[in-house]
Amino acid sequence: MGSLFRSEKVTLCQLFLQSEAAYNCVSELGEIGLVQFRDLNPDVNAFQRKFVNEVRRCDEMERKLRFLEKEIKKDEIPMLDTGDNPEAPQPREMIDLEATFEKLENEMKEVNANAEALKRNFLELTELKHILRKTQVFFEEEERNVVADAQLALHADEAPVLASQPLQLGFVAGVILRERIPAFERMLWRACRGNVFLRRAEIEIPLEDPVTGDQVNKSVFIIFFQGEQLKQRVKKICEGFRATLYPCPETQAERREMAIGVMTRIEDLNTVLSQTQDHRHRVLVAAAKNIKVWFNKVRKIKAIYHTLNMFNLDVTQKCLISECWCPVDDLDRIQAALRRGTERSGSSVPSILNRMTTKQEPPTYNKTNKLTGAFQGLIDAYGVATYREVNPAPFAIITFPFLFAIMFGDTGHGIIMFLFGLWMVVKEKSLGASKSDNEIWNTFFGGRYLIMMMGLFSIYTGLIYNDIFSKSMNIFGSSWNADIAYPGDMGNNVEKLMLAKTYRLNPNSTNWSKEPYPFGMDPAWQFATNKLMYVNSFKMKMSVTIGVMQMMFGVILSLFNHVHFGNYLNIYAEFIPQIIFLAFIFLYLVVIIIAKWIYFDPITMNTNCAPALLIGFINMFMFNYPNKDASPTPPCSSLTWYDGQQVIQTLLVVCALICAPWMLLVKPIILRQRSRQVKTAISVNSGDIRNQISENVEVVHHDETVLIVDEEVEKFEFGDIFIHQVIHTIEYCLGCISNTASYLRLWALSLAHAELSEVLWNMVFRIGLGIDGWLGAIMVPVVFAPWACLTIAILLLMEGLSAFLHTLRLHWVEFDNKFYSGSGYLFTPFSFDDIMDVPSGLGDD
Amino acid sequence: MNSVNFNINFGYLEGLCRGFKGGILKQTDYINLVQCEILEDLKLHLQSTDYGSFLANEPSPLSVSVIDDKLKEKLVIEFQHMRIHSVEPLSTFLDFITYGYMIDNIILLITGTLHQRDIRELIPKCHPLGSFEQMEAIHIANTPAELYNAVLVDTPLAPYFMDCISEQDLDEMNIEIIRNTLYKAYLEDFYKFCSTIGGSTTEVMCEALAFEADRRAFIITINSFGTELTKDDRAKLYPRCGKLHPDGLAKLAQADEYEQVKVVADYYGEYKPLFDGAGTGPGEKTLEDRFFEKEVKIMMSAFMQQFHFGVFYAYLKLKEQECRNIIWISECVAQKHKAKIDSYIPIF
């Protein structure tokens, strides 16, 4: 099998790069994205590394770009995303970029400052305009009233004599945020002891705040008071509430004159303001064209320096040393990239890539494409495969949609799902380009191939179940005859059966033509009263059969793992007893299921005496075989039905039971013996081994040497291993039983799905079909809408999701636990692609 | 409030708060931070912690005040988030926490205006957690009575202000007395509120507030030496919800010098070690730092229990201490004065 069967071979390499060529080489490696660098200075702080200054400069550039981007977004200028991927610029180009950004930022800041000043000016003038307009109303309409009211209000408690002569009242006018008014009024009242009079009016149009650019609602107010001291106090309060005060002339003529002046100034300002905005717009449009490319460039530079920071400096300072994981198959491409990098930098000394030996576990790297990626994602979500262990993903490509389809078997629903998946696959490019933030959509889109496959398989299982929107198709002609006694001989058999309304299909009766329906289920079952009994029995047996097959396959895969890792002890201490246990009990069950199907056909045998599998199976474990001659006579279904059944079954059970202690004891005992032998060997020539080790790992980094010695001397704990084996054995033996039962979910969900869609048809759509005449013509489209909506929402989405989750569980738990340890870690290469795109959600349904 | 129903209303926020607490800098972070040469290094390191890119949009060169603002901003955003999502009685509890900041802000503004500073210059210096609507108009008041009638009467601090309404002009001494009287009333009220909540909240919060009250009592006493404050007036400023109440406070009221305060502390197991070895000499930690250390310990222990509000208070206090630490370190870095850089107070 191809590369997907096991992860790629990955090796640890040491890379010697000339200082001047290092940047270009890393840049080329980033483009191909096949190398995972290891941090060689984990103890060094981020800010004490070699290229920290460059990283900082990149940060600064990014900040400027973010600033520009923010401004561009504020003006809603579309940013051009050409999708082209510029090469990482040379370090010397960084200065140019920095200069460009610096210039742009400064220009932008200047324009902003100007615009802000102008806007502030504009705001003030507009506020003044409103004040003049509103106060005009105050003064005009209530000339007498306001002033008189104010006087009255202010001097109500004073001597009426004083009130009779008009006092000179001062006033201030201003503008305040509308939401601050209540507190403002209260404060004024308290602080001035009620000796002021306030009128206010709302400004209907929201004004723009010059700093934030938000729209704010404001109100005009005018305060009357008496005396200089009160004036100071009022002003202070206004200041405290951030109200802006404006000079307001006292006479009407002056006010009008001022208003005219303000209007002309506003108009002048408008022209200037629009010019400033135009300028700003031009600058931003120019920047918007390049900003994505700039972002990419800066991110690339930053990523390269981050990587360079993980390198070690050679003693001579002439070259950088790095360690990295590389896939063995791609070493040539990596070499080529290094050569390209060296050439680009104009360095004469080539970069050197050395393979190293290490005891460390390499990362797991599976090369995937668009189709396999989704399935690999499902597997990795459970646990990343241990390095070079059998990867369940390639099998999941078929088994996953198939098990899903067994639970989702309906051709109609399958077609809808398939078409949805197909649409996403065909439109892949345009849909993928319009990067959506919708998480749900992204998950669906990530699993588009999965959805398409699941739809395709559902069509197939739907045909087997003969279910299309819960209805059956009569393609080949049913093999059942209606009761001969039924009067009238018209049309084909199914029509006659339908007319009979209800009936019970019995293969022993003469109604059956003795010819099986060629493909799938006979449509005649659709109307039979014993349909459920028949379908349940069929689906239940099918679930067990498929389940046992998949588990057997999983156990066999574990053989490949044992052979590959040279773990021959595991083969005869674990694999063989496991396969015997599973085969002798559960495979035997499958065999008798199939035998029963084939052997007991109604033509030749009396089906009443077909063996009851459940009871037979229980009896097999109890070693209990009813005697034919005993009284009372046992039912013939519980009797043995082939020669030597008793002997064979007894043998199977005994063998299977022997497997349990076999699994439990053999491995720990052998391991114990081995460790004793090793111990004596070590004590004899421990010195030699140490020497040998240090020779072997000359090139290896120093801390690994320590590691290797540690591993070698690791103590053998018999107790640990034994307990581990006990757990493992119990888990396997009980697991076989519970997992087989677990596969019954295939039947249960399939039943639920079929019943639900039938209920939906009968309760909703049939109402429309049941009405005759023109009313029926109207009713059909009317009831179609809810039926279609419910079909999509409940049957496709909800049921689909539930079937998906159950399939996922069957793969993760029932299948994977037979062979998959999943204790590896992912290969995360240094790649520019990952930096450029925010990874889209891949994997789930 | 009991543990059974706690999670219905407050489980989310408690979880959130504990999550925030997980982001508090560890000892290893501090070890890295003190190695910084310039503030840019500090920024780079903080990027790898829970602070993330909180300084990413600040143009270099950085200044300590920018860092301070951003630290505060982050804390305030987190606190406000919790406040907005809270329901009674947690919302009242969280409001209570902010009252302390309001008192500080009022005092800051009054002192500022007393020294003829412009109010607009002072507003940015106020702690954003303690800002309230009428705050900026505070400079119209010349006497405590005016302050109460015009400004504070609408704020939640009004009841605490009852004891210091007078027609005297505001001066330095007066302001200090107002601050401490307000604080005393606030602490006692908060203490009472926490006692009514019951359960672990009472247990944890009362200990924290008792410590706060006692710390204030000690500090007031020590700071009052050599001022015009009379012993009677001083006694009125002691918050009466701490462990010192009543005997310790009575003795403190009689104290004339530092040694006598120390004698009082000797009677209390919690405070004795704080005074032992505290000093201003080289290698010694100041009494203030000792109290901070003790506070951090109390706050950490608040996280040992579940289903109570103390975690919110403790989180805020710990985070404040962390901000103080970062600011201290950045000041030391900025001024190239590394001799004392290690006198931050580690939290974990």
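Below is a short write-up of the structure. (Residues numbered from 1 in each chain as written. Chains lettered and ligands numbered in written order. Predicted model: local features only at pLDDT ≥ 70, side-chain atom pairs only at ≥ 80, totals over all residues. Heavy atoms only, no water.)

A word on the interface of chain A and chain B
Taken together, the contact between chain A and chain B spans 24 residues of the former and 30 residues of the latter. Interface area for chain A against chain B, summed over the two sides, is near 2,400 Å², with a carbon-plus-sulfur share of 49%. Taken as a group, Phe47(A), Arg56(A) and Arg190(A) account for 23% of the area that chain A buries against chain B, more than any other trio of residues on that side. One can count 2 salt bridges joining chain A with chain B. The tally of links from chain A across to chain B stands at 2 residue pairs in polar contact (both at pLDDT 80 or more). When residues of the side of chain A that touches chain B are assigned to their parent elements, the largest contribution, 6 residues, is made by helix α2 (residues 52–74) of chain A. Along the lines of polarity and charge, the residues of the side of chain A that touches chain B split into 8 nonpolar, 3 polar and 13 charged. (Contact = heavy atoms within 4.5 Å. Buried area = accessible area lost by both parts, 1.4 Å probe. Salt bridge = Lys/Arg side-chain N within 4 Å of Asp/Glu carboxyl O. Polar contact = N/O pair within 3.5 Å; in protein donor to acceptor, adjacent residues only side chain to side chain. Helix = DSSP H or I, 4+ residues; strand = E, 2+ residues; numbered from the N terminus. Nonpolar A, V, L, I, M, F, W, Y, C, P; charged D, E, K, R; others polar.)

Things to note about the pattern of salt bridges
Inspection of every chain in the model, using the stated rule, returns 44 salt bridges over all chains. Here Lys119(A) ties to Glu208(A) by a salt bridge, and the two come within 3.3 Å at their closest N and O atoms. Linking Lys119(A) in helix α3 (residues 93–141) with Glu208(A) in strand β5 (residues 207–208), this pair joins segments that are 89 residues apart in sequence. A residue is classified by how much of its surface remains accessible, and Glu208(A), at 32% relative accessible area, is partly exposed. The shortest N-O distance in the salt bridge between Lys319(B) and Glu322(B) comes to 3.4 Å. Of this pair, Lys319(B) and Glu322(B) both sit in helix α16 (residues 310–334), 3 residues apart, roughly one helical turn. Of the two residues, Lys319(B) and Glu322(B), neither departs from the other in class, the shared state being buried. Look at the salt bridges and you will find they share partners, linking Asp59(A), Glu62(A), Arg299(A) and Lys302(A) into a network. (Buried < 20%, exposed > 50% of the residue type's maximum accessible area, 1.4 Å probe, protein only.)

Quick notes on helix α3 (residues 39–47) of chain B
With 8 of its 9 residues buried, α3(B) lies for the most part within the structure. Buried within α3(B) are the following residues: Leu39(B), Glu40(B), Asp41(B), Leu42(B), Lys43(B), Leu44(B), His45(B) and Leu46(B). In this structure, the buried side of α3(B) is in contact with α2 of chain A together with α2 (27–33), α4 (64–84) and α16 of chain B.

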